[in-house]
Structures are given as structure tokens and as C-alpha cells.
Amino acid sequence: MVQRAGSADLPLHGGRVPRWLGERMTKLGAVITQAIVIEYGRDELLRRLAHPFWFQSFGCVMGMDWHSSGITTSVLGALKRGLTPMAGELGIHVCGGRGQSSRKTPDELIAVGNRVGIDGSNLATTSRLVAKVDSAAVQDGFDLYLHGFIVTDDGKWVVVQQGMNGDKRQARRYHWISEGLKSFVDSPHAAIEGRGQGEIVNLADHRAEASRKGQLDLLATLGPDRIVREVIAIEPARKVKELAQPMLPHLVMPAHHDVREEDVNMRRLHGTLAAAADRGPEDFENLLLMPGVGARTVKALAMVAEVVHGAPCRFSDPARFSLAHGGKDRHPFPVPLKVYDETIKVMKSAVGKARLGREEELQALKRLDDQARQMERYVTGPDLKEIVAGEFRQSHEWGGRSVFGWEPPAEETANFPGSADYLKGS
């Protein structure tokens, strides 16, 4: 039986992903996906998409706002754009989306079924059921507005959907996976992300089985009109002590926009930076001869390598992965487009060669990740403010860009929000 994998708080953010970032997210998301499939297979990719901590880290490493609800929309959109042209090769199909696109999901699934020979009608029914469970059976104050359905050629699937509570300015993300799923109404979720809102009605909980059966019996014996009269007359129910439930991982994504040291596992960050400095020149000798690929790109690649190879326990601090390519809102720093483009170039080269049976570059990435895990046991380094200040100082040189525009030279950044504090390291 699939159980919830954890929960997280997601501040509700508006706005759109700028085209210059969306195009890069599409490319990087697709190439990371290919690397995971080559190394671990499609089933492992689905497991990761169903893991809320990994999913958030995946969005962070692609330069999206590190803590916001927008990661869900942007990641699913990037995957749909990037993987659709190679669906025949990878056997992975991304359907659905936000708003009107979500309502087209059943038709898209039927079309996929007709193309690849799986039961598209059954998948369409599954899509509707999943949406109904999270909008009707789970009454938590969040209205669904996004529904993404990722299915493989052998009929296995993951659903990632999201609801919003406009009054509280919060979002909640729901993760489902077909692996091990026995019932749509008996603890089916792989994960639900969101802040606890007090008492909610969750008829999909395993402990609600008696309630579900009782409701059906009441409907059959009394009819809907009699039930309404009984509800009006009933006295407030006594509070019943809940059955014990195991504690699950809970990721809190704070409301503050800046990345703070308490948001990052500094031991892991120092290990990644040290491995990039120590291992990079050895494993990337040929790549470092390419114009533009230098030490800063290797640091970003080390974080991408962890997204490809890391175990679930490695993603408890998604903010750390925003230090690969920054964020579109200038937190923790502007997106260094020159570094981002070189990361894509290196990853595309590694994946392209691996598809031809030459995996030396993908293996170099894995060694970089292994080295980071070893070095984090004992290395130390600068604090987060010093690291971020260094990024701001060189942002102009690295093609720094945000929704506010191109980053000027460091001496001219005083007019940007927060820049003076970062540059002082305070």
C-alpha cells in the first residue's frame, strides 16, 4: 500500500516564468530526466517525481523560485515541453497542466493509449478519480487548479496536482504513484505537501473506511432527503481521540524570499563545493578546455549530479539546490545564464554519448557526487552570506539575469533590493 511520503508548506506566488528561463528549464529538465532514465530506468524517475522533496529540489536546480508554489507549474510545464518530442524514444508521456490544460488530460491519455497500445480509457478514468479524491474526498480548503499526469509506455504513472487557498496565500501539492496502489480511496497518496490547517475531512484516509461504508449504507437505507434532515437535527459530535499515526517527514518552505543559512544544510553544501574544486579538474579535463566551462560551471554540475544520483534523504533542504543556478527573482542570486548554458551543454554531451554506449562523462558526474558525499564529513567553508555575496559580485560577469533585468557590474547594484546587504556579507 502506498503511503504518504511527507508534507511541505508552499507559499502561493503569482507571476509567470520569463521566456529566457522557461526555455532553459525545458532543456535542463529534459536532459536531467534522460540521465536518470539511462542510469536508473523509467520506474525510478516516476518514484522521484512522486517524492515531494526531490521534486522541489529539481525545480530549485533549474532556477525557479526556490520555495514557492510556482515550482509545480514550471517543472511540469518544462517536462511537458522537453519530453514530448522524445516521447517515442523514452516511452514517457507528460499530460495535463494548469487550468484548461488540466481538463484536457483524459483526452490526452486516450490519445497516448491509442499510440502506444495501452488502455487509455482506463488511464482517463484514473485521472478523473485522482482529481475527485483530492477535491471531494479530501476536503482541506484547497481548490485544485493544476493536474499533471506522467505515464510510461507500460502503463505506469505518476500524478502531481496542486490546489490553492487564496485566503491563506498557500498552496498544497498532492503526489500519487501507481506503484503499489491498491485503492483510490484507502490511503492512496504518495505524498501531500502543505501546511496543517487544523481539522479536515479526509475520507481517503485508511482510518475512514468505516465512515465510507456507513455513508453508503445510510444512502441506501434512508435516501438523501432523510439524511439531510438528520444532519440538521444532530447534536455536535463528541471529539474522538484519533488513532496513532506515524510521523512523516515535513518540509517547511518559509514565506521569506531570501535563502538563509537555516534553510541550507551547510555541511552538504561545503562538501559539494569542495568536491567541485578537488575532483572537477581531474574528471572534466577535456570539458574544462571548452570555452566557458570553468570552476563555477563544475559547482553547478555537482548539484545537478546530486539531483541525478542522490538518495531521498539528500533532498531535505531544497534551498541548497538553488545555489546551482540562482533564481529568477534574484534569490539567492540572479540566474547566471553563462553558467546555466554551459551546464546544459555538458549534460547534453554526457547524455548523448551515453546513448551511444560511451558513459565516461555520466560516470564522471557520478564520481563528482560520490566525492561530495565523502568530503562533506570533514570539510568546512564560508558561511552562506559570504557565498551569496561572491555570486553577486561576479553576477554581471556570468550573465546574471532576473525578472528585474540584466545584472549590472557589482559597483552599480546598490539600487537592486537587498544587494547592498549581500555584497557586505551582512
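Going by the annotation in an unreviewed UniProt entry, the name recorded for the protein is Protein of hypothetical function DUF763, with Neorhizobium galegae bv. orientalis str. HAMBI 540 given as the source organism.

Draft legend 1. Layout of the sheet that holds strand β12 (residues 405-406). Reading across the sheet, the 3 strands line up as β10-β11-β12 and stay open at both edges, with antiparallel pairing between neighbours. With one partner strand each, in any of the chains shown, β10 (335-336) and β12 form the two edges of the open sheet. In the sheet, strand β11 (residues 400-402) pairs with β12 via 2 bridges, with the strands oriented antiparallel. Within β12, the residue paired with Ser402 across the bridge is Gly405.

Draft legend 2. Summary view of the pattern of salt bridges. Applying the stated criterion to the full structure yields 24 salt bridges. A salt bridge links Glu376 to Arg314, with the shortest nitrogen-to-oxygen separation between them at 2.9 Å. Taken together, the positions of Glu376 in the loop between α15 (360-375) and α16 (384-394) and Arg314 in the loop between α12 (295-309) and α13 (322-325) put the pair 62 residues apart, joining distant regions of the chain. Accessibility assignment for this pair places Glu376 and Arg314 in one class, buried. Here Lys366 makes a salt bridge to Asp370, at a shortest N to O gap of 3.6 Å. In this pair, Lys366 and Asp370 both sit in helix α15, 4 residues apart, roughly one turn of the helix. Assessed through its relative accessible area of 27%, Lys366 is described here as partly exposed.

Draft legend 3. Structural detail: the nonpolar core. Residues Ile32, Val61 and Leu269 are the most contacted members of the largest nonpolar core, which totals 79 residues. A total of 10 residues in this core trace back to one element, the largest contributor, which is helix α1 (residues 19-40). Shared between two domains, this core holds at least three residues of each, these being domain 1 (4-186) and domain 3 (261-403). When sequence neighbours within four positions are dropped, the list of residues in contact with Val61 reads Leu28, Ile32, Met303, Val304, Val307, Phe321, Ala324 and His325.

Draft legend 4. Layout of the environment of Trp398. Turning to its location among the elements, Trp398 is positioned in the loop between α16 and β11. When its relative accessible area of 14% is taken as the criterion, Trp398 is described as buried. Excluding anything up to four places from it in sequence, Trp398 contacts Arg296, Pro336, Leu337, Lys338, Val339 and Glu391.

Draft legend 5. Structural context of the pairing of strand β2 (residues 92-98). In terms of burial, β2 is a largely internal element, 6 of the 7 residues being buried. Taken together, the 7 bridges between β2 and strand β4 (residues 143-152) define a ladder with antiparallel strand orientation. Residue pairing across strands places Ile92 opposite Thr152, the latter belonging to β4.

Draft legend 6. Spatial organisation of the confidence of the model for the protein. Averaged over every residue, the pLDDT of the protein is 81; residues scoring 70 or more account for 74%. Across residues 214-220, confidence stays below pLDDT 50; counting only partners more than four residues off in sequence or on other chains, it has 5 contacts. Counting contacts from residues 420-426, a segment whose pLDDT is below 50, to residues more than four positions away or on other chains yields 17 contacts.

Thresholds applied
- Residues numbered from 1 in each chain as written.
- Predicted model: local features only at pLDDT ≥ 70, side-chain atom pairs only at ≥ 80, totals over all residues.
- Heavy atoms only, no water.
- Pairing = 2+ DSSP bridges.
- Helix = DSSP H or I, 4+ residues; strand = E, 2+ residues; numbered from the N terminus.
- Salt bridge = Lys/Arg side-chain N within 4 Å of Asp/Glu carboxyl O.
- Buried < 20%, exposed > 50% of the residue type's maximum accessible area, 1.4 Å probe, protein only.
- Core = buried A, V, L, I, M, F, W, Y, C linked by side-chain atoms within 4.5 Å.
- Domains from an automatic or database assignment.
- Contact = heavy atoms within 4.5 Å.
- pLDDT = per-residue confidence, 0-100.

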